[in-house]
Amino acid sequence: MTCLPPLTDLLRQLIATPSVSSDHPRHDMGNLPVVSLMANWLEGLGFSCEVLPLASHPEKANLIATLGSGPGGLVLAGHTDTVPYDDSGWDADPFTLSERDQQWYGLGVCDMKGFLALAVEAASLCRGERLQAPLILLATADEESGMDGARALVEAGKPKARHAVIGEPTNLRPVRLHKGILMDSLHVHGHAGHSSRPDLGANAIRGMHQVLDALLTHEAELAQHRCGRGFAIDHPTMNLGCIEGGDSANRIPAHCRLDVDMRFGPDDDIATLRTGLREAAHKGLTEAGCRLEPQTLFEGIPAFETAATTAIVEACEALTGHRAEAVDFATEGPFLNQLGMDTVILGPGDIAVAHQPNESLPLDRIAPTQELLRALIQRFCLTT
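Below is a short write-up of the structure. Please read all numbers here as calculations on a predicted model, not as lab measurements.

## Notes on helix α6 (residues 270-284)
Spanning 15 residues, α6 covers 21 Å between terminal C-alpha atoms, matching the ideal 21 Å at 1.5 Å per step. Along α6, the residues classified as buried are I270, L273, R274, G276, L277, A280, A281 and G284. All buried residues of α6 project into a common sector of 160 degrees when viewed along the axis, lining one side. Facing away from the buried side of α6, by more than 90 degrees, are the exposed residues T272 and K283. Contacts made by the buried residues of α6 are with β9 (180-189), α5 (204-222), β11 (237-245), β13 (255-264) and β14 (291-301). Sitting at the amino-terminal end of α6 is D269, which places a side-chain oxygen 3.3 Å from the backbone nitrogen of A271.

## Some remarks on the sheet that holds β13
Pairing is antiparallel in the open sheet, where 4 strands are placed in the order β11-β13-β9-β14. A strand with exactly one partner marks an edge of an open sheet, and here the two such strands are β11 and β14. Taking each pair of neighbouring strands and ignoring which way they run, the sheet shows an average axis angle of 15 degrees.

## Examining the sheet that holds strand β4 (residues 98-100)
Strand order in this open sheet of 3 strands is β4-β5-β18, and the pairing throughout is antiparallel. Only two strands of the sheet have a single partner each, and these edge strands are β4 and β18 (360-362). Here the strands of the sheet are splayed against their neighbours by 25 degrees on average, with no regard to which way each runs. With 3 bridges connecting them, strand β5 (residues 103-105) and β18 associate as antiparallel partners. By the bridge assignment, W104 is partnered in β18 with L361.

## Regarding the pattern of salt bridges
A complete count under the given rule lists 20 salt bridges for this structure. The salt bridge involving R251 is made with D247; its shortest N-O contact spans 3.0 Å. The class of R251 is partly exposed, set by a relative accessible area of 40%. Two residues, R323 and E317, come together in a salt bridge whose shortest N-O distance is 3.6 Å. Take R323: its relative accessible area is 65%, and that puts it in the exposed class. Bridged by salt links that share partners, the residues R176, R229, D267 and E305 form one connected network.

## Considerations on the pairing of β9
Burial analysis of β9 places 10 of its 10 residues in the buried class, which makes it a mostly covered element. Alternating residues of β9 divide into G180, L182, D184, L186 and V188 and I181, M183, S185, H187 and H189, and every residue in both groups is buried. In this structure, β9 lies alongside β13, joined through 10 bridges in antiparallel fashion. Residue pairing in the sheet places V188 in a bridge with C256 of β13. Two elements, β9 and β14, share 8 bridges in a ladder whose sense is antiparallel.

Thresholds applied
- Within every chain, residues take consecutive numbers counted from 1 along the sequence as written.
- It should be noted that, the model being predicted, local features are given only for residues of pLDDT at least 70 and side-chain atom pairs only at 80 or more, the latter also being counted only at that level, while totals for whole chains, interfaces and linings use all residues.
- Values reported for side chains reflect all heavy atoms of the structure, with hydrogen atoms and water molecules removed beforehand.
- What counts as a helix is a DSSP run of H or I of at least four residues, what counts as a strand is a run of E of at least two, and both are numbered from the N terminus.
- For a helix, the expected span equals 1.5 Å multiplied by the residue count minus one.
- For every residue, the accessible area (1.4 Å probe, protein chains only) is compared with the maximum for its type, and the residue is labelled buried under 20%, exposed over 50%, or partly exposed between those bounds.
- As used here, the arc is the angular range of directions from the helix axis to the C-beta atoms.
- Contacts are residue-level and defined by heavy atoms, with any inter-residue pair within 4.5 Å sufficient.
- Distance and chemistry together define a polar contact, namely a pair of N or O atoms within 3.5 Å, with one atom able to donate a hydrogen and the other to accept it when in protein, and with adjacent residues in sequence counting only for side-chain atoms on both sides.
- When DSSP finds two or more bridges between two strands, those strands count as paired.
- Helix axes are fitted only over the stretch in contact, all axes being lines through C-alpha atoms; the angle between N-to-C directions runs from 0 to 180 degrees.
- Here a salt bridge means any side-chain nitrogen of Lys or Arg lying within 4 Å of a carboxyl oxygen belonging to Asp or Glu.

Remember, this is a structural readout, not a statement about activity or role.
Here it is in structure tokens:
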């Protein structure tokens, strides 16, 4: 067995290894170098490592690293990919781990390479121990774009364990509920022409203006439907996230695209919400000569919920001193629950600094996370 590098070196190497996921091909890249790093570390600790490339993206893979065997056990899970970045907004190189103001900075340090480094370090404590139940480290691909890594795990039916912790940024407060998500792309098609003769064309941007009005009305209607589960925004939400259309001021635009994100609670149905969104857009579009073409941008995942009475929820509440909460962002939790695990979302980062320049992780979160992971491993892997 090899000697594991110190925590700072683990994190420095993870940050220095780019692994951006994006729906836009110009930004998207693979995660195999990150998976290789982690597999090398964990094999050195005696873990059996399985690298599972994604059929749809062979340059991306999931890593399942297992120590011990038998039923039950604990999964410590995190995604290896990050969102794209704008380096002009960073005070330092986003791929170089830096420290200032009692914080670590770097792309993914909060969401969520910091947790992966902490999980590997915690796993090293099991070296030479006789485990009563397996410890599994799960590193997934493609969470930030299509969650194809988690979907591939469900198709493969692995890993198998009883309990799981996903180290997404929650300020070290356990989360047992979160909203689901779907994304659609709405395309308005018109007819191009000379700007001096608007009567001879069909203006797709004007058509999209009508669609936007209809969607805002639909959003207000959604706000009347309460989730009733303690979310910060206790109703389904809609984000009009990206719009693009036209190519010249003196040409009638023939096309305009709008990308929409919806978040919703455990009692909401993805198909029903998507149908309602598209029907509202269709009814709103009355611009002569224009037509609407909806496309699925992200099929979506259901909302996530783990029962409050499960052992992992109760253990995380006891160890952190906080009752399990509900959050509005989405994770791979529904997929792990689908695999038969009771899952809690719990990590040291803050979602408020994720997905933006100067992403950071407070140094005072490190020791509490180390203690938490050690206690969970003791509780679910080392104790009968």
